[in-house]
Amino acid sequence: MLGTIVNTCTILTGSVIGSVVKKGIKEEYQGALFHAMGLAATALGINAVVQNMPNSKYPVLFILSLAAGSLLGTVLDLDGKFQNLVSRYSSSGLGQGLSTAILLFCIGTLSILGPIQSAVNGDNTYLFTNATLDFVTSMVLASTYGIGIAIAAGVLFCWQGAIYLGAGFLSGFLTADLLTEISVVGGILIASSGLSILKIKDCKTLNMLPSLLGPIVWFLVKGLFGF
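Residues numbered from 1 in each chain as written. Predicted model: local features only at pLDDT ≥ 70, side-chain atom pairs only at ≥ 80, totals over all residues. Heavy atoms only, no water.

Asker: So what exactly am I meant to see when it comes to the overall build of the chain here?
Answerer: Each helix and strand counted, the chain has 11 helices and 0 strands in total. Helices and strands appear in the chain in the N-to-C order α-α-α-α-α-α-α-α-α-α-α. Its C-alpha atoms give the chain a radius of gyration of 17 Å, within 12% of the compact-globule value 17 Å for 227 residues. Considering only C-alpha atoms, the chain reaches an extent of 60 × 40 × 30 Å along its principal axes. Here the chain holds 227 residues, and 45% of them are scored as buried. Residue pairs at least 24 apart in sequence account for 83% of intrachain contacts in the chain once pairs closer than 6 positions are excluded. (Helix = DSSP H or I, 4+ residues; strand = E, 2+ residues; numbered from the N terminus. Rg over C-alpha atoms; globule rule 2.2 N^0.38 Å. Buried < 20%, exposed > 50% of the residue type's maximum accessible area, 1.4 Å probe, protein only. Contact = heavy atoms within 4.5 Å.)

Rendered as structure tokens:
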């Protein structure tokens with residue numbers, strides 16, 4: 001669990017540094033940071049899609065996953081419930097920033113394969129690399145949205161901890177093909193978060209979160225029936 005603990009601590013440290021920096025930034029400069037973060041998230045999402053789409057063996061799967069997942073998330077009103085919960089403690093748009101942070105920190109190859117490598121081989125290279133990236137990202141996010149971004153550290157710890165504990169089973173299930181499909185869907189979700197931050201379109205990304213289950217369900221069914 002060393003790699004996960006380090007990854008969690010870097011997010012906490014980055015969030016503290018970013019929130020301290022935020023206090024000295026004028027409001028118009030904070031607006032510039034919002035735009036920068038929105039563009040960065042959009043670019044990262046598009047990059048994930050472009051990199052993984054050519055390797056996808058099921059080019060329609062991400063469409064079905066997004067359609068079914070978005071419908072389920074809207075019925076459950078995940079975005080509304082999350083925003084209401086966060087708004088009780090903050091009125092600075094933290095919910096939007098926090099949802100973006102969780103997606104950036106948790107939905108990526110390093111954050112998924114890292115805990116497995118750590119548990120199975122005792123190799124923390126992926127997690128230490130991820131920790132470095134997350135440190136910079138959390139600092140920028142916290143300088144925009146405040147110390148509340150640190151909450152994402154707890155989510156990441158639970159996420160990676162669960163993968164670490166289930167590494168024996170997951171190492172055989174998380175194939176390259178499955179990670180490719182998850183990365184395509186995850187990239188679209190990250191890009192949609194960027195569009196929301198830029199106020200181009202409020203995509204209510206959290207309502208789309210169940211879309212990530214689409215590839216997992218497909219590969220489970222595929223493995224069960226052997227087609």
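Asker: Mind showing me how you'd approach the packing of aromatic side chains here?
Answerer: Two numbers describe a pair of aromatic rings. These are the distance of the centres and the angle of the planes. Summed over all chains, the structure comprises 2 aromatic pairs. With centroids separated by 5.6 Å and ring planes inclined at 70°, the aromatic side chains of Tyr-58 and Trp-218 adopt a geometry described as edge-to-face. Here Tyr-58, found in the loop between helix H2 (27–52) and helix H3 (61–76), pairs with Trp-218, found in helix H11 (residues 213–225); they are 160 residues apart in sequence, far enough to count as distant. Classification of Tyr-58 by relative accessible area gives partly exposed; the value is 22%. Here the aromatic rings of Tyr-58 and Phe-219 are separated by 5.8 Å at their centres, their planes lie at 90°, and the arrangement is edge-to-face. With Tyr-58 in the loop between H2 and H3 and Phe-219 in helix H11, the pair connects residues that are 161 residues apart, well separated along the chain. With a relative accessible area of 11%, Phe-219 lands in the buried category. Here a set of aromatic residues connected by ring pairs shows up, and it is made of Tyr-58, Trp-218 and Phe-219. (Phe/Tyr/Trp six-rings, centres within 6.5 Å; stacked < 30°, edge-to-face > 60°.)

Asker: Sorry if this is basic, but what is going on with the pattern of salt bridges here?
Answerer: Close approach of charged atoms allows side chains of opposite charge to pair. Applying the stated rule across the entire model yields 2 salt bridges. Lys-57 is the partner of Asp-177 in a salt bridge, and the nearest nitrogen-oxygen pair spans 3.2 Å. One end of the pair, Asp-177, is in helix H10 (residues 176–197); the other, Lys-57, is in the loop between H2 and H3, with 120 residues separating them in the sequence. The exposure class of Lys-57 is exposed, given its relative accessible area of 56%. Salt-bridge contacts for Asp-202 lead to Lys-204; the nearest nitrogen and oxygen are separated by 3.6 Å. Given the relative accessible area of 37%, Lys-204 is considered partly exposed. (Salt bridge = Lys/Arg side-chain N within 4 Å of Asp/Glu carboxyl O.)

Asker: Looking at this model, I keep getting lost on the nonpolar core. Mind explaining?
Answerer: Note on soluble globular proteins: their nonpolar side chains tend to be buried together. Residues Phe-105, Leu-141 and Ile-149 are the most contacted members of the largest nonpolar core, which totals 40 residues. Of all the elements in the fold, those that place two or more residues in this core are H2, H3, helix H4 (78–87), helix H5 (94–106), helix H6 (109–121), helix H7 (125–145), helix H8 (151–165) and H10. Ranked by residues supplied to this core, first place goes to H10 with 8 residues. If sequence neighbours within four positions are ignored, Phe-105 has contacts with Ile-11, Ser-111, Asn-130, Asp-134, Thr-137, Ser-138, Leu-141, Ala-152 and Leu-156. (Core = buried A, V, L, I, M, F, W, Y, C linked by side-chain atoms within 4.5 Å.)

Asker: What exactly am I supposed to notice about the environment of Ser-15 here?
Answerer: Mapped onto the elements of the fold, Ser-15 is located in helix H1 (residues 2–22). Owing to a relative accessible area of 0%, Ser-15 belongs among the buried residues under this scheme. Ser-15 has contacts with Ser-138, Ala-142, Ile-147, Ile-149 and Ala-150, leaving out every residue within four places of it along the chain.

Asker: What is the right way to read the environment of Gly-186 from this model?
Answerer: Within the secondary structure, Gly-186 sits in helix H10. Overall, the relative accessible area of 2% leaves Gly-186 in the buried class. Once the C-alpha coordinates of Gly-186 and Ile-63 are considered, the two residues, 123 residues apart in sequence, prove to be 12 Å apart. For Gly-186, the residues in contact, after removing those within four places along its chain, are Ile-107 and Leu-212.

Asker: Any chance you could explain a nonpolar patch on the surface here in plain terms?
Answerer: A grouping of Leu-213, Val-217, Val-221, Leu-224 and Phe-225 is seen on the molecular surface, where their side chains present a nonpolar patch of about 510 Å² in accessible area. In this fold, Val-221 is placed in helix H11. Residue Val-221 is classed as partly exposed on the basis of its relative accessible area of 31%. (Patch = residues over 30% accessible without salt bridge, like charges linked within 9 Å, V, L, I, M, F, W, Y side chains within 5 Å. Areas by Shrake-Rupley, 256 points an atom, 1.4 Å probe, with all protein chains shown as cover.)

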